[in-house]
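Inside the fold
Here's the letter readout for the chains.
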Amino acid sequence: MLFYFSGCGNSKHVAETIAAGLNDKMVFIPEAAREGRYEYELAEGESLGFVFPIYAWGPPKLVMSFVKKLSVKVGPSTLRGASGTAGSGTLSYVYFACTCGDECGLAEDIFRKALEQKGWKLDACLSLQMPETFIGMPGFKLDTDENAQRKIAATDTVLAEYIPRIQNKESFSKMTKGGAAWFKSRLINPGFSKMATNDKKYYTTDACIHCGKCVEACPLENVTLEDGRPKWNGNCTMCMSCYHHCPVNAIQYGKATVGKGQYYYGRL
Ligand SMILES: Cc1cc2nc3c(=O)[nH]c(=O)nc-3n(C[C@H](O)[C@H](O)[C@H](O)COP(=O)(O)O)c2cc1C
Ligand code: SF4
Ligand code: SF4
């Protein structure tokens, strides 16, 4: 079973590619969380996978909260939940794949620890560079189309090599940590989650054509239309999908996004 989160489609593409390679089922984390579905049953020998984007050199907060609540039964009658105690059925293989624009910092350590707190062992992890989606602060910009396409092609090549390794339940860690990883993941990450993960600065310009695409694009169902104009309702993970999917680029995030263009997987 493969649990995934994706805002702008990069991680969805990776999750779909892995799930197709493994002939596995996919569960979209925001939808499962919305519906309070935290209990799952795996067949004996079935792998447990996670796919998500990197946010500020760590896994997104919503993914971490979901993992914390997740309970997995292995085999027909054996419960393996938060305590990690298992009977005859045990988790045979646990992996994650994350997508990032450049680097992941200590995401592996953070995720491994969260699994260990549940009594689960991380067997394999993989980071994949995909087109940048975050432009919500000065200094951050999107990849050129050429660079974005190069990253997607490189990711597909890496996946073709690593999916068979996941299928064979190999142990590996192929992560691009980057420099100053401790500083970024342990100091900047918590500050970013607290201060920069909110929708207060989103607004629309007069270019808005009231099409509702931003409503459909939000994985958290946080955008509604009020008198034809989008309203952000305070439950935002800052994935920027609403911004990127607007067909007339009418959404802005303060001054940070002005003139920076748009990207989502499949747009190029
Ligand atoms: C809020 C936010 C924070 C991000 N932080 C990082 C980061 O720390 N390092 C990095 O390389 N990419 C970062 N990115 C880029 C994304 O990880 C990358 O574009 C990812 O593939 C997006 O996946 P998605 O399309 O599935 O949402 C960030 C993107 C967002 C929206
Ligand atoms: S409101 Fe926009 S940025 Fe926030 S979660 Fe929804 S789509 Fe993502
Ligand atoms: S996607 Fe853009 S044009 Fe459509 S309703 Fe939202 S802001 Fe307006």
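Residues numbered from 1 in each chain as written. Chains lettered and ligands numbered in written order. Predicted model: local features only at pLDDT ≥ 70, side-chain atom pairs only at ≥ 80, totals over all residues.

Moving on to the overall build of the protein. What the protein contains, in helices and strands, is 8 helices and 13 strands. The C-alpha radius of gyration of the protein comes to 19 Å, within 12% of the 18 Å expected for a compact globule of 268 residues. When the backbone C-alpha atoms are referred to their principal axes, the protein occupies close to 60 × 35 × 35 Å. Looking at the protein as a whole, 40% of its 268 residues are labelled buried. (Helix = DSSP H or I, 4+ residues; strand = E, 2+ residues; numbered from the N terminus. Rg over C-alpha atoms; globule rule 2.2 N^0.38 Å. Buried ≥ 20, exposed ≤ 12 C-beta atoms within 10 Å, placed from the backbone.)

Moving on, we get to the pairing of strand E4 (residues 48-53). On a regular strand, one side chain projects to one face of the sheet and the next to the other, so that they alternate. In terms of residue burial, E4 counts as a mostly covered element, since 6 of its 6 residues are buried. Residues Leu48, Phe50 and Phe52 line one face of E4 and the alternating positions Gly49, Val51 and Pro53 line the opposite face, and both faces are buried. One ladder, built from 6 bridges, connects E4 with strand E7 (residues 94-100); its direction is parallel. If you follow Pro53 over to E7, its bridge partner there is Thr99. (Pairing = 2+ DSSP bridges.)

This part covers the nonpolar core. Among the nonpolar cores identified, the biggest contains 45 residues, and Tyr4, Val51, Phe96, Ala97 and Cys98 are the most heavily contacted of them. For this core, the element with the highest residue contribution is E7, accounting for 6 residues. The residues contacting Ala97, other than those within four sequence positions of it, are Val14, Ile18, Val51, Leu126 and Leu128. By size, the runner-up hydrophobic cluster in this structure holds 21 residues, among which are Cys8, Tyr202, Cys246 and Tyr265. (Core = buried A, V, L, I, M, F, W, Y, C linked by C-beta atoms within 7 Å. Contact = placed C-beta atoms within 7 Å.)

It is worth spelling out the pairing of E7 at this point. The buried count for E7 comes to 7 of 7 residues, which makes it a mostly enclosed element. Judged by which residues are buried, E7 turns out to be covered on both faces: Val94, Phe96, Cys98 and Cys100 on one side and Tyr95, Ala97 and Thr99 on the other are all buried. With 6 bridges connecting them, E7 and strand E8 (residues 124-129) associate as parallel partners. Counted as the bridge partner of Cys100 is Gln129 from E8. Considered for its hand, the β-α-β crossover made up of E7, helix H4 (residues 107-116) and E8 is right-handed. (Right-handed = clockwise from strand over helix to strand, strands pointing away.)

As a further point, take the sheet that holds strand E1 (residues 2-4). Ordered in space as E2-E1-E4-E7-E8-E9, the 6 strands form an open sheet in which the pairing is parallel. One side of each edge strand has no neighbouring strand; the edge strands of this open sheet are strand E2 (26-28) and strand E9 (172-174). Each adjacent strand pair in this sheet contributes to an overall mean axis angle of 20 degrees, direction not counted. For E1 and E4, the ladder comprises 3 bridges, and the chain directions are parallel. Its bridge partner being in E4, Tyr4 is matched across the sheet by Val51. Set on the sheet, helix H1 (residues 10-22) makes contact with E1, E2, E4, E7 and E8; between it and E4 the angle comes to about 160 degrees. (Axes fitted to C-alpha atoms, helices over the stretch in contact; angles between N-to-C directions.)

To continue, consider the confidence of the model for the protein. In low-pLDDT regions, the fine details of the predicted coordinates are not to be read closely. Of all residues in the protein, 95% attain a pLDDT of 70 or more, and the chain-wide mean is 94. In this model residues 78-88 is a low-confidence stretch, pLDDT under 50, and it forms 23 contacts with partners more than four residues away in sequence or in other chains. (pLDDT = per-residue confidence, 0-100.)

Quick look at the domain arrangement of the protein now. For the protein, the assigned domains are domain 1 (2-193) and domain 2 (202-253). Each of domain 1 and domain 2 has a C-alpha centre, and the two are 26 Å apart. Contact with domain 1, which involves 8 residues of that partner, is made by 9 residues of domain 2. Among the residues forming the side of domain 1 that touches domain 2, the class breakdown is 5 nonpolar, 3 polar and no charged. (Domains from an automatic or database assignment. Nonpolar A, V, L, I, M, F, W, Y, C, P; charged D, E, K, R; others polar.)

Spanning 15 residues, helix H6 (residues 181-195) covers 20 Å between terminal C-alpha atoms, matching the ideal 21 Å at 1.5 Å per step. The sharpest bend along H6 measures roughly 40 degrees and falls at Ile188, with the proline Pro190 sitting one to four residues further on. Among the residues of H6, those classed as buried are Lys184, Ser185 and Asn189. (Expected span 1.5 Å × (residues − 1). Bend = angle between axes of the 7 residues up to and from the residue.)

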